[in-house]
Amino acid sequence: MAQGNNFGQTSNGVADESPNMLVYRKMEDVIARMQDEKNGIPIRTVKSFLSKIPSVFSGSDIVQWLIKNLTIEDPVEALHLGTLMAAHGYFFPISDHVLTLKDDGTFYRFQTPYFWPSNCWEPENTDYAVYLCKRTMQNKARLELADYEAESLARLQRAFARKWEFIFMQAEAQAKVDKKRDKIERKILDSQERAFWDVHRPVPGCVNTTEVDIKKSSRMRNPHKTRKSVYGLQNDIRNHSPTHTPMPETKPPTEDELQQQIKYWQIQLDRHRLKMSKVADSKEPSQQRVKRWGFSMDEALKDPVGKEQFFKFLESEFSSENLRFWLAVEDLKKRPIREVPSRVQEIWQEFLAPGAPSAINLDSKSYDKTTQNVKEPGRYTFEDAQEHIYKLMKSDSYPRFIRSSAYQELLQAKKKGKSLTSKRLTGFVQSY
């Protein structure tokens, strides 16, 4: 970003009167001094076990630099200032999603100016979906999704079900481009992109520092901001106000117009339901559906065909009783209350009673708790046992299923059997 930009303007020359802009400019002046070759923080490549960590510096380096160059006497004050700058994403810990500064040997890296908050990024949920989807396709050891990110991906997939194929192909195309980059460059860019999303989609419990205070914004002469898309999924750039602007007066619709609108949306809803039911019932899953099974065990279990394939795999390993028990407990939670006691006994006799025909392996704590719960049957009698079996399948059976020849053959078959329609769609998206 050019340092000569005037206050109140973004790097692209668009006027921006964000109440945070003055803070951003002051922070960026300090960051520019930190990156000075002579008097800045020394940036180095650190040798680690079997690898190198490029372009890093320690948290104590930052604190010492702030004390020396900003005439700060109290180290606590320097640590607080550094934490504020880290929370805004100007530098970030390379191995932690929580953007804070520690006065120790923790390694940090500077953010690229492209992702600085002064650029007025307001990323869309579609951008976040592309990013998370791309992460699942990359190095799983280094870029494995955190729990909250996996939950976000599942929510976004439900929200964008109708356009998920497009999002998936965008992520796939970006992953292919990333693979062509130099290994060190790719490692740095991956960490900077992750830090950008740690600012805009922070870890639960952390504050999004880029949010504009509505009261301050309402006092500005022109509170409108230019909305950008990180990955270019939007075709148009529209102005959005962070405050509630008065709507233009419109003529209320007549009763006939309302009836026509209701009829139209009812038809659209029926079409959508029919389309989704056909997709769910299809015995020939698309390549995208098969790939989704590899995202998480939940994705495989949500898809009827994925669940069937996982069950067949468990049968081949003589452990299908785990999935049958888990599904039986899920069904129990949906039963009418009058049917619950008898169903609890059926599940107990089949899976947990001494000499049960489909006995499952539980730890003693879960078994004792379930034994007590059965005496007062309810929909959640088997909650502890179900959680134990779920974790067992997730950590043991599911990874073997993804690595199994059955899944890999199905995945390769779908790659080879791409239809002409999907190829045309891919070509359209690339040209788009």
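Above this note sits the structure.
Note that the coordinates shown come from a computational prediction; the quantities given were computed from them, not determined experimentally. (Residues numbered from 1 in each chain as written. Predicted model: local features only at pLDDT ≥ 70, side-chain atom pairs only at ≥ 80, totals over all residues. Heavy atoms only, no water.)

Trainee: Kindly report on unusual backbone geometry, identifying the contributing residues and their values.
Mentor: One non-glycine residue, S55, adopts positive backbone phi at about 55°. Inspection of the secondary structure puts S55 in strand β2 (residues 51-58). Owing to a relative accessible area of 30%, S55 belongs among the partly exposed residues under this scheme. Positive phi, normally seen in glycine, also occurs at T71, with a value near 45°. (Helix = DSSP H or I, 4+ residues; strand = E, 2+ residues; numbered from the N terminus. Buried < 20%, exposed > 50% of the residue type's maximum accessible area, 1.4 Å probe, protein only.)

Trainee: Hey, could you go over the pairing of strand β4 (residues 107-110) for me, with residue numbers and the actual values?
Mentor: Sheet topology note: the β2/β4 ladder contains two bridges and is antiparallel. Looking at β4, one finds that S58 is bridged to F107. Taken together, the three bridges between strand β3 (residues 91-93) and β4 define a ladder with antiparallel strand orientation. Considered in β4, the bridge of F92 is made with R109. (Pairing = 2+ DSSP bridges.)

Trainee: An account of helix α15 (residues 340-352) is needed here, citing residue identities and associated values.
Mentor: With 13 residues, α15 extends 17 Å between its outermost C-alpha atoms, agreeing within 8% with the 18 Å of an ideal straight helix rising 1.5 Å per residue. All of the buried residues along α15 are V340, R343, V344, I347, W348, F351 and L352. One side of α15 holds all its buried residues, which, seen down the axis, span an arc of 140°. Contact partners of the buried residues in α15: α14 (320-334) and α16 (364-374). (Expected span 1.5 Å × (residues − 1). Arc of directions from axis to C-beta. Contact = heavy atoms within 4.5 Å.)

Trainee: Give a description of helix α8 (residues 183-200) that names residues and reports values.
Mentor: Taking 1.5 Å of rise per residue, 18 residues should cover 26 Å, and α8 covers 26 Å from first to last C-alpha, within 8% of that figure. Those residues of α8 not exposed but buried are I188, D190, S191, Q192, E193, R194, A195, F196, W197, D198, V199 and H200.

Trainee: Run through the pattern of salt bridges, naming residues and quoting values.
Mentor: For the structure shown, the criterion picks out 21 salt bridges. Of the charged contacts in the structure, one is a salt bridge between K134 and D178, with a shortest N-O distance of 3.5 Å. In this pair, K134 is assigned in helix α4 (residues 125-137) and D178 in helix α7 (residues 164-179), connecting sequence segments 44 residues apart. Residue D178 is classed as buried on the basis of its relative accessible area, which comes to 8%. Residue R335 pairs with D331 through a salt bridge whose shortest N-O separation is 2.9 Å. In this structure R335 comes out as partly exposed when scored by relative accessible area, which is 25%. (Salt bridge = Lys/Arg side-chain N within 4 Å of Asp/Glu carboxyl O.)

Trainee: So what about the packing of helix α2 (residues 59-69) against helix α3 (residues 75-87)? Which residues, and what values?
Mentor: With their axes 9 Å apart at the nearest point, α2 and α3 run at an angle of 115° to one another. On the basis of their axis angle, the class for α2 and α3 is roughly perpendicular. Crossing of α2 over α3 shows right-handed handedness. In this structure, α2 uses V63, L66 and I67 to contact α3, whose residues at the interface are P75, A78, L79, L81 and G82. The residue makeup of the contact of α2 with α3, split by class, is seven nonpolar, one polar and no charged. (Axes fitted to C-alpha atoms, helices over the stretch in contact; angles between N-to-C directions. Parallel < 35°, antiparallel > 145°, perpendicular 65-115°, else oblique. Left-handed = near helix turned anticlockwise from the far one by under 90°. Nonpolar A, V, L, I, M, F, W, Y, C, P; charged D, E, K, R; others polar.)

Such coordinate-based values are descriptive only and should not be taken to indicate function.
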